[in-house]
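Here is how the chains run, residue by residue.
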Amino acid sequence: MSKIVVVYHSGYGHTKKIAEAVAEGAGAQLIAIDAEGNLGEADWAALNAADAIVFGSPTYMGSTSWQFKKFADASSKVWFTQGWKDKLAAGFTNSASMNGDKLSTLHYMFTLSQQHSMVWVGTGMMPSNSKAATRNDLNYVASFSGLMTATPSDASTDEMVPGDIETSKAFGARVKATAERWAR
């Protein structure tokens, strides 16, 4: 069985809820980047031991949070030795708007993974884009590059869209299936 780690920053709890759903679908360990952008030594050890790393951050001002960026910058120590080379990587983001420049955030995570010589995993899901589609359908936000979810700015974590939570679980399952296939 592959070891999968979800490393994320969440400012208001919404991205944490998505991270938990991704981790549930993937059977993954959760690692939260703290409010100061730091991880503990045991967290870095878990990332180094993982077969797949899923990155998560809210989209703030068209990119990752500064806390996630601090984590990414700190990963340069691992980059120098190519310690994450050939591990699987994936990413997810949440913001208040349906678009909200989420692709910029995913592109940042993708670029980070490529600098680490990782192998990127997309959603593997078709979008829900027919006239009959509803907001609770899988991949309603229609992302291929990574998981995108949208939570209104005035919504609590209990008011998050159930379809986004289910899409998050399916995305986690996709990462798990890919990790198992990659391990063969």
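A.B. asks: Could you clarify how one ought to interpret the environment of tryptophan 79 in this entry?
C.D. replies: Tracing the backbone through its elements, the reader meets tryptophan 79 in helix H4 (residues 76-80). Residues tryptophan 79 and glutamine 115 lie 36 residues apart in sequence; the distance between their C-alpha atoms is 7.3 Å. Setting aside residues no more than four positions away along its own chain, tryptophan 79 makes contact with Gln115 and His116.

A.B. asks: Teacher, can you tell me more about the packing of aromatic side chains here?
C.D. replies: The description of an aromatic ring pair uses the distance of the two centres, along with the angle that the planes make with each other. This model, assessed by the stated rule, comprises 8 aromatic pairs. A ring pair is formed by phenylalanine 68 and tyrosine 108, whose centres lie 6.5 Å apart and whose planes are at 75°; its orientation type is edge-to-face. Of this pair, phenylalanine 68 sits in helix H3 (residues 66-74) while tyrosine 108 sits in helix H5 (residues 102-115), and the two are 40 residues apart along the sequence. A relative accessible area of 0% places phenylalanine 68 in the buried class. Consider the rings of phenylalanine 110 and tryptophan 120, whose centres lie 5.7 Å apart with planes at 90°: the pair is edge-to-face. With phenylalanine 110 in helix H5 and tryptophan 120 in strand E5 (residues 119-120), the pair connects residues that are 10 residues apart, well separated along the chain. In this structure phenylalanine 110 comes out as partly exposed when scored by relative accessible area, which is 32%. With a relative accessible area of 19%, tryptophan 120 lands in the buried category. Chaining the aromatic ring pairs together yields one cluster made of Trp44, Phe55, Phe68, Phe71, Trp84 and Tyr108.

Procedures and definitions
- Residues numbered from 1 in each chain as written.
- Predicted model: local features only at pLDDT ≥ 70, side-chain atom pairs only at ≥ 80, totals over all residues.
- Heavy atoms only, no water.
- Helix = DSSP H or I, 4+ residues; strand = E, 2+ residues; numbered from the N terminus.
- Contact = heavy atoms within 4.5 Å.
- Phe/Tyr/Trp six-rings, centres within 6.5 Å; stacked < 30°, edge-to-face > 60°.
- Buried < 20%, exposed > 50% of the residue type's maximum accessible area, 1.4 Å probe, protein only.

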